[in-house]
Amino acid sequence: MKSSNLTFYIFGALVLGVIFGWLCPDIAIKTEPLAKIFLNMVKMIIAPLLFSTLVVGIAGHGDIKSLGKIGLKTLVYFEIVTTIALVIGLAMGNIVKPSEGFGVLASAHDMQTAQHLATINPNNSISDMIIGMFPTSVIKSMADGNLLQIVIFSIFFAIAICAVGKAAKPVMDVLNSTAKIMFKFTEYVMYCAPIGIFGAIASTIGANGIGILKSYAKVIFCLYTALAIFICVVLCGVCYIVRVPFWKLMNALKEQILLAFSTTSSEAALPKSMEIMEKFGVPRNIVSFVMPTGYTFNLDGSTLHVAMAVLFSTQLVGIQLNLEQQLVIMLALMFASKGIAGVPRVSLIVLAGTLTTFNYPIIGVAILLGIDHILDMGRTTTNLIGNCVATVVIARWEGQFNDEKMHKYLSKSKRRKQLLEYFSSKKQERELQNV
């Protein structure tokens with residue numbers, strides 16, 4: 001299936017899912033298994049793809065010393081961008097005040113769920129977070145989909161291959177072949193994306209009703225505006241600094257952006273995004289290290305949302321936080337948002353935990369539960385874009401970004417588009433002649 005066709009089918013599935021969920025909610029709810037099956041198919045790809053590409057990227061590159069520099073620069077960049085996301089989230093909450101005039105009440109069930117979320121604490125301390133990075137069993141890490149643990153194991157495996165030398169060549173050959181096979185496997189799985197997206201959107205609209213968008217319009221508008229500012233100003237600005245055309249990068253990633261937006265799953269878009277970034281000019285070792293690490297340490301969309309949601313929750317009950325209190329909460333969120341990738345409802349867990357820590361009511365969590373899926377669509381998309389941009393930044397910072405490869409990829413995409421337009425016009429001419 002051609003790239004342009006897949007984009008059309010994905011967007012069509014998104015629109016049809018909304019219409020079907022609105023018109024036939026009872027039937028639409030039953031389409032959720034389609035989304036779950038697709039996401040399960042994606043998850044079975046990630047572990048072997050990540051392991052093979054990261055080991056080949058590091059061991060094949062041969063320069064183990066550079067890995068430490070890449071890791072340090074990656075974490076520095078992540079921390080800077082995450083801080084900016086927090087500031088934008090707090091600023092939006094202070095300026096727009098999404099809780100003003102809010103008339104939706106939390107149900108008893110949602111309050112119970114919110115109280116349960118407040119008891120979940122993925123990171124008890126910094127030491128626990130660091131210990132959790134190192135797997136006791138790589139098989140368990142792959143089964144659980146713990147990307148950071150897979151990265152840690154892959155790094156040590158690659159270092160061992162370099163130390164062994166020529167004797168490890170058969171293993172490298174196998175992993176090279178495995179990486180190529182997994183990229184082809186990913187292509188086949190992506191054919192199922194429209195079906196999975198239809199199920200995800202239809203079941204969500206069917207369960208919540210399209211009227212929920214009107215009730216929560218101000219909150220949704222506030223978050224999506226803040227995310228748009230972050231993407232168009234911060235990430236676009238970063239690309240400008242490193243001399244990479246941001247909007248052309250977004251065009252290359254359009255299918256994966258739609259996929260992440262529709263399924264609210266970063267994992268769904270990860271395999272193909274890694275392949276695209278490598279074609280775009282980022283070396284394999286940087287792509288394979290930065291992107292999975294980013295889904296633990298660089299959740300820009302989720303971080304921005306939680307910062308804004310804290311103010312929404314406090315303002316909702318009449319608590320006005322001063323600048324000093326907001327700075328303290330920002331510091332807490334900088335730690336709380338790390339190392340929790342893969343946890344269901346991660347943003348709500350961080351929000352509930354933060355409010356509980358500072359002894360603020362958690363009713364805001366219960367209220368946001370109703371539209372969490374809609375908010376998550378924007379958060380997940382921003383997380384994906386942020387991590388793709390991060391690979392470009394680190395590659396340029398290391399002096400390893402391949403401009404020639406990028407221009408070749410962009411010119412190829414342009415030629416493909418021109419050919420599609422040409423054949424489309426010819427087809428229309430023939431149809432008119434037949435009439």
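Conventions we followed
Residues numbered from 1 in each chain as written. Predicted model: local features only at pLDDT ≥ 70, side-chain atom pairs only at ≥ 80, totals over all residues. Heavy atoms only, no water. Disulfide = S-S within 2.5 Å. Phe/Tyr/Trp six-rings, centres within 6.5 Å; stacked < 30°, edge-to-face > 60°. Helix = DSSP H or I, 4+ residues; strand = E, 2+ residues; numbered from the N terminus. Buried < 20%, exposed > 50% of the residue type's maximum accessible area, 1.4 Å probe, protein only. Salt bridge = Lys/Arg side-chain N within 4 Å of Asp/Glu carboxyl O.

Turning our eyes to something else, we now look at the state of the cysteines. Linking two cysteines covalently through their sulfur atoms gives a disulfide. Following the criterion strictly, the structure yields 0 disulfides and no others. Cysteine Cys388 remains unbridged, with the sulfur of Cys239 as its closest cysteine sulfur at 10.0 Å.

Overall, the coordinates contain 10 aromatic pairs when judged by the stated rule. A centroid spacing of 5.9 Å and a plane angle of 35° characterise the contact between Phe51 and Phe153, whose relative ring orientation is tilted. Here the residue Phe51 occupies a position in helix H3 (residues 32-61), and Phe153 occupies one in helix H8 (residues 147-164), the gap between them amounting to 102 residues. For Phe51, a relative accessible area of 15% corresponds to the buried category. Cluster of aromatic residues (ring-pair linked, three or more members): Phe51, Phe153 and Phe157.

A few words on the pattern of salt bridges. Evaluation of the coordinates by the stated rule reveals 10 salt bridges. In this structure, the salt-bridge partner of Lys36 is Glu32, at a minimum N-O distance of 3.9 Å. One end of the pair, Lys36, and the other, Glu32, are both in helix H3, 4 residues apart, so they sit about a helical turn from each other. The partner of Arg379 in a salt bridge is Asp376, and the shortest N-O contact between them spans 3.1 Å. A residue pair is termed a helical-turn pair when its members lie 3 or 4 positions apart in one helix, as Arg379 and Asp376 do in helix H21 (residues 372-397) at 3 residues. By relative accessible area, which is 2% here, Arg379 ends up buried. If you follow the salt bridges from partner to partner, you end up with Lys272, Glu275 and Lys279 in one network.

It is generally the case that most residues other than glycine have a negative phi and that most peptide bonds are trans. A positive phi angle, near 50°, is found at Lys97, a position not held by glycine. The topology assignment puts Lys97 in the loop between helix H4 (65-96) and helix H5 (108-119). A positive phi angle, close to 60°, is found at Arg243, a residue other than glycine. Relative to the helices and strands, Arg243 resides in the loop between helix H12 (217-241) and helix H13 (246-252).

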